[in-house]
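# Structural characterization, general
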Protein chains: 2
Amino acid sequence: MKLSKTSEYALRILIYMAKVPDQLYTAKQLVKELKVSDKYLRRLMTDLSKSGFIRSIQGRDGGYTFIKSPEDILLYDIIDSVEGMEKMNGCLLGFEKCSCTNPCAMHYLWVDIRTDLNKVFRETRLSDMDFNKILRY
Amino acid sequence: MKLSKTSEYALRILIYMAKVPDQLYTAKQLVKELKVSDKYLRRLMTDLSKSGFIRSIQGRDGGYTFIKSPEDILLYDIIDSVEGMEKMNGCLLGFEKCSCTNPCAMHYLWVDIRTDLNKVFRETRLSDMDFNKILRY
DNA sequence: TTATAATACTACCTATGAGTAGTATATATG
DNA sequence: CATATATACTACTCATAGGTAGTATTATAA
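Here we summarise the structure given alongside this text.

To continue, consider the protein's contact with DNA strand D. In the vicinity of DNA strand D lie 25 residues, with K5 and T6 of chain A together with A27, R42 and S56 of chain B positioned nearest. At the protein interface, 63% of the atoms of DNA strand D within 4 Å belong to sugar or phosphate. A distance of 3.3 Å separates a phosphate oxygen of DNA strand D from a polar atom in the side chain of K50 of chain B. Top contributing element to the surface near DNA strand D by residue count: helix α3 (residues 38-50) of chain B, with 4 residues. Considered class by class, the residues forming the surface near DNA strand D number 5 nonpolar, 11 polar and 9 charged.

Below you can see the structure in the form of structure tokens.
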């Protein structure tokens, strides 16, 4: 009942970058600041590029920068692209056929929480972060 | 961002048993009703016995029955014994040192949700379930 | 055009959650 | 006491998330 490490990393990285969005960030710098293992971060950055949040610039003086404005990126989008948001929206007890018309014993309790959870992620933009708070490990 | 399958199974099983709490349930019967794989369910039942929710009766005419009243079992206790509840209560971004005095950029948003989440699990007893709802796969 | 400094890719390794197989142990009942 | 029918235990297998190593590719700038 927590985000995958990869989602944590993705959020850390993009929130960190969103503080000064127009800058170009090298993998080296992000690794140093955010303490994510080098190779794993690089692979994740490639994924985030393919997902359209950032773009990578190869070659000397390369790095990563936003291709989409942080104002247009929801936390939901990030988590969804990394680990899939459907996981979160299934039945708490794992019943395939659970729904409002055929609810499990936990259904309504769980739907309430789940709705709030989704709401937070769907309504929070990368630009809404409180950048005065800690952004590094 | 979901419960482990093992937690799902534990909840399914105990909620199912709580509908008629004084009965003795065999692994065979639970496997059939709840569609959890035989050997895995048996191992889980042993764990739940060791955790003090149920007790096992070996030998012919054996099975499992509650040793603790469903009224005294919180969903929190079950999940905690199976996968550990601390996991849920860490920083969303995975920062070790994140706290209210040294919050990350997501801290307060996350604390609110997390509190509600904990509340549901801490305040719901096994006896509070709506047993008219679906309890089997 | 060559050296340098960046990202991309392929193929592994490792730990863990989930599931399975086989055997040992317990006990009620004929 | 023997047998049938339960659970308990040990040790595997399998899939996947996370992490690592080495090499290839790209592009700037001297």
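Now, onward.
All names here are of chain A. Structurally, S49 can be placed in helix α3 (residues 38-50). A distance of 2.8 Å separates a polar side-chain atom of S49 from the backbone oxygen of M45. Setting aside residues no more than four positions away along its own chain, S49 makes contact with I54, R55, S56 and Y64.

Turning next to the layout of surface pockets. Volume-wise, the largest pocket comes out at about 340 Å³. Together, 23 residues line the largest pocket, and G90, C91, G94, F95 and E96 of chain A are the ones closest to its centre. Residue assignment for the lining of the largest pocket shows that the elements contributing at least two residues are α5 (107-123) of chain A together with α1 (5-18) of chain B. Here the residues of the lining of the largest pocket sort into 11 nonpolar, 4 polar and 8 charged. The computed volume of the second largest pocket comes to approximately 220 Å³. For the second largest pocket, the lining is made up of 14 residues, of which E8 and Y137 of chain A together with G94, F95 and E96 of chain B are closest to its centre.

The rules we used
Residues numbered from 1 in each chain as written. Chains lettered and ligands numbered in written order. Predicted model: local features only at pLDDT ≥ 70, side-chain atom pairs only at ≥ 80, totals over all residues. Heavy atoms only, no water. Near = heavy atom within 4 Å. Polar contact = N/O pair within 3.5 Å; in protein donor to acceptor, adjacent residues only side chain to side chain. Helix = DSSP H or I, 4+ residues; strand = E, 2+ residues; numbered from the N terminus. Nonpolar A, V, L, I, M, F, W, Y, C, P; charged D, E, K, R; others polar. Contact = heavy atoms within 4.5 Å. 1 Å grid on protein atoms, 1.4 Å probe; cavity = no way out; pocket = protein on both sides within 12 Å on 5 of 7 lines; lining within 4 Å. Points joined across faces, edges and corners; volume = space filled by probe spheres on them.

Honestly, that's just the spatial picture; any functional story needs more than this.
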